[in-house]
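Structural features, examined
So the chains spell out like this:
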Amino acid sequence: MWVFFGTGLLACYDFEGNEVWKFDVQDRYGKFSIQFGMTSTPILHSDGLYLQLIHGDMNGDYVVGKVIRLNKANGEEVWSRDRQTGAIAENRHSYASPILFHEAERTLLVTHGADHTIAYNLEDGREVWRLGGLNGTTEINKTPFDRTLRFVATPVANEGVVVIPTAKGGPIVALKPEGVTGEIASSSDALLWVHEKTPDVPCPLVLDGIAYFCRKDGRVFAIDVATGEELYYERTHNHQHRASPVCIDGKLYTTARDGHITVYNTGRSFEVIAENDLGETITASPAVANGTLYLRTFQNLYAIRPE
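A few points on the structure.

Calculation criteria
Residues numbered from 1 in each chain as written. Predicted model: local features only at pLDDT ≥ 70, side-chain atom pairs only at ≥ 80, totals over all residues. Heavy atoms only, no water. 1 Å grid on protein atoms, 1.4 Å probe; cavity = no way out; pocket = protein on both sides within 12 Å on 5 of 7 lines; lining within 4 Å. Points joined across faces, edges and corners; volume = space filled by probe spheres on them. Nonpolar A, V, L, I, M, F, W, Y, C, P; charged D, E, K, R; others polar. Buried < 20%, exposed > 50% of the residue type's maximum accessible area, 1.4 Å probe, protein only. Helix = DSSP H or I, 4+ residues; strand = E, 2+ residues; numbered from the N terminus. Pairing = 2+ DSSP bridges. Salt bridge = Lys/Arg side-chain N within 4 Å of Asp/Glu carboxyl O.

**Some words on empty space enclosed by the protein**
Overall, the coordinates contain one cavity of 30 Å³ or more when judged by the stated rule. By volume, the largest cavity is sized at about 40 Å³. As for the largest cavity, its lining consists of I54, H55, V63, V64, G65, R83, Q84, T85, R92 and A114. Partitioning the lining of the largest cavity into residue classes produces four nonpolar, four polar and two charged.

Below is the structure:
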């Protein structure tokens, strides 16, 4: 198993807890300069462990992020590529994580931050396509340019579509980039739709042709992935939400910071099924594995499964 901490420590352990390898990412790739700490999660695929390090001095004139492939077995570098976008100020800071986009003929690493979403070839790190214009004023994001538009929510790829959140008053963008190369313009056929509001922190969830979103204030909405039609926009628990929604047995779970969990149905209409209150502060997203729901609050770790 592999672990990455905000301090820069990246390590691999076997299931008995024995260290296989370990190093400090900051020692190898430079000191982190990111306002709220490094939170990007590496992604594992085949023999590779992939990292996106998107950060930079907010007052500097020049910034280059990095995208890296390591050998998962020993931690040695396979390739490292600079990721330049021209972003300025806090826009240089990304708290999102990379994802994989599977196509018929290729699998790409999709990175998100510094005003751009950029896809890379897994084998050599070559840039395949990029989507800019995510910070206003552009054809994609028509709101005013925002020097504090840092990306937190991670995109999601499913059913041939990449759903891309931005931040604050920015939009959501859906791409259908099968076989695409180069710059994706607002006139490109790969640009499926643009929606005017975004969840900012919680990540999207896509299931059976519908994309689900939870906003910071607990309002949730759903979009038909094929058409971009908003199916509903409803309020759940009125409190800060930073955890991402999860789906279990066809039901969606959203988790508020005060420990209130709302359960509602999937599909084209909105219906609350249950509400539960842990009574503890929680900002971590729930995790589901082998029929068990795991909830990590500020005080405790819960494991919940059917009787």
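Resuming the write-up.
**As for the pairing of strand β14 (residues 172–175)**
A two-sided burial pattern is seen for β14, the buried positions comprising I172 and A174 on one face and V173 and L175 on the other. Pairing geometry for strand β13 (residues 161–164) and β14, over three bridges, is antiparallel. By the bridge assignment for β14, I164 is matched with V173. Strand direction decides the pairing type here: β14 and strand β16 (residues 191–195), joined by four bridges, are antiparallel. Paired with V173 across the strands is V194, a residue of β16.

**Structural notes on the pattern of salt bridges**
Side-chain pairing between opposite charges can occur once the charged atoms of the two side chains come close. Across all of its chains, the model carries 15 salt bridges by this definition. With its nearest N and O atoms 3.7 Å apart, the salt bridge here joins E123 to R69. Taken together, the positions of E123 in the loop between β10 (116–121) and β11 (127–131) and R69 in strand β6 (residues 65–71) put the pair 54 residues apart, joining distant regions of the chain. Given the relative accessible area of 59%, E123 is considered exposed. Judged by relative accessible area, which is 11%, R69 ranks as buried. Look at the salt bridges and you will find they share partners, linking E90, R150 and D200 into a network.

Don't take any of this as a statement about function, it's just geometry.
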